[in-house]
Amino acid sequence: MQRNAAHPRDQRPTDPDRALRGWLRDYAKTHPRWGYRRAYHDARGEGWHVNHKKLQRLWRDEGLRVPQLRRRKRLGVTTAPTLPAADAPNRVWAVDFSFDVTTDGRPVKIASIVDERTRECLGGLVARSITADILINELDRIAGQRGYPQVLRSDNGPELACVAMADWAGERVGLAFIPPGQPWRNGYVESFNARLRDECLNINLFWSLTQARVVISDWKDEYNHHRRHSALAYQTPAGYAAACTHR
């Protein structure tokens, strides 16, 4: 005996919603960008006696969900004509972000700013969210201690590929955006973030933002002053920076 499920639901002679299903398909064909909420009110306006939940179920059964339009990611405008070699401190800073959560599920965002020559982690910005203005304030604070870099290298994140960042950089700092989908082009800070994730974020639970700031700050201090890097002839980043004469 053949099961009724072998036939489309709207073709079963016993389907009480066959006519409404046909109306919904015609409605979606006429208004391809309108969703079930509009369809419900229009159906009621045309005399269909159907409640909201049932119409939503029929809408989904018929596969009429409106596909979401994906926004194009804004691409930053590179203003550095050529990317200088990071052959001295303060030539190139690289910027990227890491993410974690506190135990209450709220986000923690960490700005990683690395001097590509010395491998130093600059600054210690840890917050619930980091906007372009907050990041700019942190960059200005760091630059007040050591001067501005020639180039700031980053991906096309919204905090960086924005008008505020372009206005801040002006003719003072060149911006170098890596191509989308090529994180290896920002390898220094990606490597730093991998260590931060493995050695700090993955082995700590954060109960509060304040605790996260303290733990991450302590880890960055150890990274800068006690961790020896093979790329720096096994000197620490801070020790190597102090010994640099080619500033």
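Small disclaimer: the values here were computed from a predicted structure and weren't measured. (Residues numbered from 1 in each chain as written. Predicted model: local features only at pLDDT ≥ 70, side-chain atom pairs only at ≥ 80, totals over all residues. Heavy atoms only, no water.)

## Points about the overall build of the chain
Looking only at helices and strands, the chain has eight helices and six strands in total. Counting helices and strands in the order they occur from the N terminus, the chain gives α-α-α-β-β-β-β-α-β-α-β-α-α-α. Looking at the 247 residues of the chain, the share that counts as buried comes to 42%. Residue pairs at least 24 apart in sequence account for 58% of intrachain contacts in the chain once pairs closer than 6 positions are excluded. Looking at the chain as shown, the accessible area adds up to about 14,800 Å², and 50% of this sits on carbon and sulfur atoms. (Helix = DSSP H or I, 4+ residues; strand = E, 2+ residues; numbered from the N terminus. Buried < 20%, exposed > 50% of the residue type's maximum accessible area, 1.4 Å probe, protein only. Contact = heavy atoms within 4.5 Å. Areas by Shrake-Rupley, 256 points an atom, 1.4 Å probe, with all protein chains shown as cover.)

## Examining the packing of helix α6 (residues 187-199) against helix α7 (residues 209-225)
Contact geometry of α6 with α7 gives a least axis separation of 11 Å together with a crossing angle of 125 degrees. Classified by the angle their axes make, α6 and α7 are oblique. Remark: the crossing between α6 and α7 carries right-handed chirality. Taking contact as the criterion, the partners of F192, R195, L196 and E199 in α6 are, on α7, I216, W219, K220 and Y223. Here the contact of α6 with α7 is built from residues that sort into five nonpolar, no polar and three charged. (Axes fitted to C-alpha atoms, helices over the stretch in contact; angles between N-to-C directions. Parallel < 35°, antiparallel > 145°, perpendicular 65-115°, else oblique. Left-handed = near helix turned anticlockwise from the far one by under 90°. Nonpolar A, V, L, I, M, F, W, Y, C, P; charged D, E, K, R; others polar.)

## Concerning the pattern of salt bridges
Tallied over the full model, the rule gives 13 salt bridges. Of the charged contacts in the structure, one is a salt bridge between R25 and E62, with a shortest N-O distance of 3.0 Å. One end of the pair, R25, is in helix α1 (residues 18-30); the other, E62, is in the loop between α3 (52-61) and β1 (92-101), with 37 residues separating them in the sequence. The partly exposed category is assigned to R25, whose relative accessible area is 31%. (Salt bridge = Lys/Arg side-chain N within 4 Å of Asp/Glu carboxyl O.)

## Comments concerning the confidence of the model for the chain
Mean pLDDT over the chain stands at 85; residues scoring 70 or higher make up 87%. Across residues 1-7, confidence stays below pLDDT 50; counting only partners more than four residues off in sequence or on other chains, it has four contacts. (pLDDT = per-residue confidence, 0-100.)

## Overview of the side chain of T102
Relative to the helices and strands, T102 resides in the loop between β1 and β2 (107-115). Classification of T102 by relative accessible area gives buried; the value is 2%. A polar side-chain atom of T102 sits 3.0 Å from a polar atom in the side chain of R128. (Polar contact = N/O pair within 3.5 Å; in protein donor to acceptor, adjacent residues only side chain to side chain.)

## Remarks on the nonpolar core
Ranked by internal contacts, the top residues of the largest apolar core, which has 25 residues, are W93, I113, L135, L139, L152, M165 and W168. Counting residues per element, this core draws most heavily on helix α4 (residues 132-146), which supplies six residues. Sequence-distant contacts of W168, defined by excluding residues within four places in its chain, comprise I136, L139, D140, Y148, L152 and V173. With 18 residues, the next largest nonpolar core counts C121, V189, F192 and F206 among its residues. (Core = buried A, V, L, I, M, F, W, Y, C linked by side-chain atoms within 4.5 Å.)

## Observations regarding the packing of α1 against α3
α3 packs onto α1 with a crossing angle of 70 degrees between their chain directions and a minimal axis gap of 10 Å. On the basis of their axis angle, the class for α1 and α3 is roughly perpendicular. The interaxial crossing formed by α1 with α3 has right-handed handedness. Residues L20, R21, L24, Y27 and A28 of α1 form the contact with α3, whose own contacting residues are L55, R57, L58, W59 and D61.

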